[in-house]
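Survey of secondary and tertiary structure
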Amino acid sequence: MTDLLKYLPSVRGRMEAQIPLSSMTYFHVGGNAEVFFEPADSDDLIHFLRKRPKSIPVTMLGAGSNVLIRDGGIPGVVIHLGNWFKRIFKEGTTFEVGAGVLVAGFAEKAAHQGVSGFEFLSTIPGTMGGSILMNAGCFGKEIKDILIEAEALDFQGRVHWMQAQELELSYRKSTIPKDWIIVRAWVRGNVLAPNLILKCAEELRTLRAAHQPEGYTAGSAFKNPEGKKAWEVIESAGFRGMRKGGACVSEKHTNFLMNVDQASAADIESLGEEIRAKVRQNTGINLEWEIVRLGTASPIVTDWGKMVQDKG
Ligand SMILES: Cc1cc2nc3c(=O)[nH]c(=O)nc-3n(C[C@H](O)[C@H](O)[C@H](O)COP(=O)(O)OP(=O)(O)OC[C@H]3O[C@@H](n4cnc5c(N)ncnc54)[C@H](O)[C@@H]3O)c2cc1C
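Conventions adopted
Residues numbered from 1 in each chain as written. Predicted model: local features only at pLDDT ≥ 70, side-chain atom pairs only at ≥ 80, totals over all residues. Heavy atoms only, no water. Helix = DSSP H or I, 4+ residues; strand = E, 2+ residues; numbered from the N terminus. Buried < 20%, exposed > 50% of the residue type's maximum accessible area, 1.4 Å probe, protein only. Contact = heavy atoms within 4.5 Å. Areas by Shrake-Rupley, 256 points an atom, 1.4 Å probe, with all protein chains shown as cover. Lys, Arg positive; Asp, Glu negative; His and termini not counted. Charge placed at Lys NZ, Arg CZ, Asp CG, Glu CD. Domains from an automatic or database assignment. Buried area = accessible area lost by both parts, 1.4 Å probe. Salt bridge = Lys/Arg side-chain N within 4 Å of Asp/Glu carboxyl O. Polar contact = N/O pair within 3.5 Å; in protein donor to acceptor, adjacent residues only side chain to side chain. Nonpolar A, V, L, I, M, F, W, Y, C, P; charged D, E, K, R; others polar. Disulfide = S-S within 2.5 Å. Pairing = 2+ DSSP bridges. Axes fitted to C-alpha atoms, helices over the stretch in contact; angles between N-to-C directions.

**Overview of the overall build of the protein chain**
For the protein chain, the count of helices and strands is seven helices and 19 strands. Principal-axis analysis of the C-alpha atoms gives the protein chain an extent of 55 × 50 × 30 Å. The buried share of the protein chain, reckoned over its 312 residues, is 51%. The contacts in the protein chain between residues at least 6 apart in sequence include a share of 65% that link residues at least 24 apart. For the protein chain, the accessible area works out to roughly 14600 Å², and carbon and sulfur atoms hold 51% of it. Between the averaged position of the 36 positive side-chain charges in the protein chain and that of its 36 negative side-chain charges there is a distance of 2 Å.

**Considerations on the domain arrangement of the protein chain**
Domain boundaries assigned for the protein chain yield domain 1 (4-83) and domain 2 (85-196). Here the C-alpha centre of domain 2 lies 22 Å away from the C-alpha centre of domain 1. Opposite the 20 residues of domain 1 that make contact, domain 2 presents 19 residues. Of the roughly 1600 Å² buried between domain 1 and domain 2, counting both surfaces, carbon and sulfur atoms make up 68%. Three residues stand out in domain 1 for area buried against domain 2, namely Leu 49, Leu 81 and Asn 83, and they jointly supply 30% of the buried area on that side. Applying the counting rule to domain 1 against domain 2 returns zero salt bridges. If you look at where domain 1 meets domain 2, you find five residue pairs in polar contact (both at pLDDT 80 or more). When residues of the side of domain 1 that touches domain 2 are assigned to their parent elements, the largest contribution, five residues, is made by helix α1 (residues 42-51). By residue class, the composition of the side of domain 1 that touches domain 2 is 10 nonpolar, six polar and four charged.

**Here's the deal with the state of the cysteines**
According to the stated counting rule, one finds zero disulfides in the structure shown. Residue Cys 138 stays outside any disulfide, its sulfur separated by 11 Å from that of Cys 200, the closest cysteine. By relative accessible area, which is 9% here, Cys 138 ends up buried.

**Focus on the sheet that holds strand β15 (residues 216-220)**
One open sheet accounts for four strands, arranged β15-β18-β17-β16; its pairing is antiparallel. Every interior strand has two partners, whereas the edge strands, β15 and β16 (243-244), have only one. With three bridges joining them, strand β17 (residues 247-249) and strand β18 (residues 256-259) adopt antiparallel strand pairing. Bridge assignment links Ala 247 to a residue of β18, and that residue is Asn 259. Against the sheet, helix α6 (residues 265-283) engages β16, β17 and β18, with an angle of about 35° to β17.

Structure follows, in structure tokens:
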């Protein structure tokens, strides 16, 4: 049980305690959000951020396609962007895209409107917000190539405008501070016939399906180390198909960890750590997690009343 709701400002959006998060992630594992908040709109989110006691932690969740939520869940408030943040506006070949929009759906919409350049997004299952933070990319293109500008709120509720070049987007990385929430973005493409764009997107999806496993996974577990492929070093370390509890290393793509039989988050994370240790021992390479791990291994019960009184 939690009494956290008592210490949070009233909001217009959905705010509920102890919401299971596993079905909101692609791994289908993990515990509860102590409090789950889906703001009604940007003003509701700003109001919440400004009024909340600052000692209460806040965590962003997008489509859950790049996260491993631990079994004890996420203490504090988990923010998820709902319908108001899923709007798309078009002006010429530039689109204003809400951070809650799924990028694959956006790419398809743009294709039907004759705007090309976003085809690579049709194979990525995340939201625009998560994809900017991770500088998501594939087939030689990444968010960096299409982003013009983004708007974010910090956890104090202040608005920030960022030109793409200020974000220093690089391989699965940005300099966006950890306590900022991306709320919308402007991306630009170029004119092309819809049938050509749709054909290209379809080809990329087919290519993708040929090389990636289907099932409960969060995509590539580790970033490619300098000059090497993560899947190759994992394969050389003998992990193809290796199981731990309900988790395994995909046979089809060894950089994919899978939940194949009611895995716990601990199964997946410890399998990942075993891989890292073995690869380090064999090669000296320090594999870096690409998947973002959130939350705690066991549930934490916090005396929020005391915390708020002591720390504000
Ligand atoms: C089958 C599969 C294939 C994939 N293929 C690719 C690929 O080819 N290329 C690639 O780059 N990625 C790939 N991914 C990973 C993933 O889809 C991307 O990283 C995606 O952009 C993450 O977006 P998300 O909304 O799911 O973010 P989440 O997984 O929900 O969150 C990821 C991180 O972003 C933060 N976050 C989410 N929304 C916001 C926001 N609005 N503001 C600030 N922070 C936020 C979260 O706190 C977390 O730290 C794949 C994943 C799967 C499951």
